[in-house]
Amino acid sequence: MNTRPIGVFDSGVGGLSVLRELLRLMPDESYVYLGDSARVPYGTKSAETVRLFAGQCTRFLLDQGVKLIVVACNTASAVALDEIRAAVDVPVVGMIEPAAAAALRSTRSGQIGVIGTRGTVNSRAYPVAIQALNGSAPAPTVHSFACPLFVPLVEEGWIDHPATRLVAKDYLSELFSASDTIDTLVLGCTHYPLLKPLLHALLPNVRLIDCGEYAAHVAQTLLAQHDTLTPQTTHADAPRVRFCLTDVPPAFVAIAERFLGFGVADVERVGIDHLEIT
Ligand code: DGL
């Protein structure tokens, strides 16, 4: 079971920021990445539809023989994680819990900001997870704010563009008008880690929580607990990742390189008709 791949899925390219963290932490593992780019975005869709799509992505990954599934999409994690966990017999890692735990550890002021898609914010998954993890201690206040324009700006490669800076300032001033003592900000969408340098410049005293980083650690712990880590090799090969997309947009290779930091040579197209019947 050790050398079986880890399955990672997202609505499109955003989950590549999570894959990057997984590769950084576990370079000896192999991966199957499924991006549902034909049906992106998930963040604007109803919870019911996201649950349906997430279930189909999960089924596809299971058919590839994966030993663990990473739901590398905050929106899908927010609305579909319990259902996915109940339906499969491999460990499942979502984006919410690891980031919520990191935010709790980080905050001193007890004021936590969360930014994400409308779907994630409306689900209230972060405040609920933070509350649950906090137990009976005085509850921190969670201020959530949807930043939908960040997704297309990141995909356009406008990482440090004046327009992105303007949009970020506007979003953040609304978020911080709720509390100016927010000291921890969860980047609750897999596209947002690419904006870390910009957000850090705008919020130098706020700790930014990158979900992928913490989810990768949880994935590693779960693999160790199940005794399914791939043994470390002394030779660092090129990353072993199978990239599968439900649509291969012409800009994918350029965008993927921005997210991953390395080029993607082969991409398999998996039609959504295939996902619908698996
Ligand atoms: N990957 C999604 C997330 O993390 C953002 C893109 C989308 O709306 O599908 O929520």
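The rules behind the values
- Residues numbered from 1 in each chain as written.
- Predicted model: local features only at pLDDT ≥ 70, side-chain atom pairs only at ≥ 80, totals over all residues.
- Heavy atoms only, no water.
- Axes fitted to C-alpha atoms, helices over the stretch in contact; angles between N-to-C directions.
- Helix = DSSP H or I, 4+ residues; strand = E, 2+ residues; numbered from the N terminus.
- Left-handed = near helix turned anticlockwise from the far one by under 90°.
- Contact = heavy atoms within 4.5 Å.
- Nonpolar A, V, L, I, M, F, W, Y, C, P; charged D, E, K, R; others polar.
- Near = heavy atom within 4 Å.
- Polar contact = N/O pair within 3.5 Å; in protein donor to acceptor, adjacent residues only side chain to side chain.
- Areas by Shrake-Rupley, 256 points an atom, 1.4 Å probe, with all protein chains shown as cover.
- 1 Å grid on protein atoms, 1.4 Å probe; cavity = no way out; pocket = protein on both sides within 12 Å on 5 of 7 lines; lining within 4 Å.
- Sits in = over half its atoms within 2 Å of the grid points.
- Core = buried A, V, L, I, M, F, W, Y, C linked by side-chain atoms within 4.5 Å.
- Buried < 20%, exposed > 50% of the residue type's maximum accessible area, 1.4 Å probe, protein only.
- Parallel < 35°, antiparallel > 145°, perpendicular 65-115°, else oblique.
- Pairing = 2+ DSSP bridges.
- Right-handed = clockwise from strand over helix to strand, strands pointing away.

(A) A look at the packing of helix H2 (residues 47-63) against helix H3 (residues 74-87). Contact geometry for H2 and H3: axes closest at 9 Å, N-to-C directions at 65°. For the crossing formed where H2 meets H3, the hand is right-handed. Contacts between H2 and H3 pair Ala-47, Val-50, Arg-51, Ala-54 and Thr-58 from the former with Thr-75, Ala-76, Val-79, Ala-80, Glu-83 and Ile-84 from the latter. Of the residues that constitute the contact of H2 with H3, the class distribution is seven nonpolar, two polar and two charged.

(B) Focus on the site of the ligand. What surrounds the ligand is a group of 13 residues, the closest being Asp-10, Ser-11, Tyr-42, Gly-43 and Thr-75. Residue Ser-11 places a side-chain N or O atom 2.6 Å away from an oxygen atom belonging to the ligand. Computed on the free molecule, the ligand has an accessible area of 290 Å², of which 98% lies beneath the protein chains in the complex. With respect to the detected pockets, the ligand is housed in the largest pocket. Grouping the amino acids of the shell around the ligand by side-chain chemistry returns five nonpolar, seven polar and one charged.

(C) Geometry of the nonpolar core. Within the largest apolar cluster, 98 residues are counted, with the highest numbers of intra-cluster contacts made by Phe-9, Leu-16, Leu-19, Val-70 and Ile-115. If we skip the residues at most four places from it in the chain, Leu-19 touches Val-8, Tyr-31, Tyr-33, Val-241, Phe-243 and Leu-260.

(D) Examining the packing of helix H4 (residues 96-106) against helix H10 (residues 211-225) more closely. Contact pair H4 / H10: the axes reach a minimum separation of 8 Å and the direction vectors enclose 110°. With respect to their mutual orientation, H4 and H10 come out roughly perpendicular. Within the contact between the two elements, H4 uses Pro-98, Ala-99, Ala-102 and Arg-105 and H10 uses Cys-211, Tyr-214, Ala-215 and Val-218. Here the contact of H4 with H10 is composed, by residue class, of seven nonpolar, no polar and one charged.

(E) Spatial organisation of the pairing of strand S2 (residues 30-35). In terms of burial, S2 is largely enclosed, as six of its six residues are buried. For strand S1 (residues 6-10) and S2, the ladder comprises five bridges, and the chain directions are parallel. Each bridged residue has a counterpart across the sheet, and for Phe-9 the counterpart in S2 is Leu-34. What joins S1 to S2 is helix H1 (residues 16-25), and the crossover it makes is right-handed. Where S2 meets strand S9 (residues 240-245), six bridges bridge the pair, whose relative direction is parallel. Counterpart to Ser-30 in the pairing with S9 is Arg-240.

(F) Looking closely at the environment of Ala-125. Tracing the backbone through its elements, the reader meets Ala-125 in helix H6 (residues 125-134). For the pair Ala-125 and Val-79, spaced 46 residues apart in sequence, the C-alpha separation works out to 7.7 Å. Those residues in contact with Ala-125, other than ones at most four positions away along the chain, are Ala-78, Ile-96 and Thr-120.

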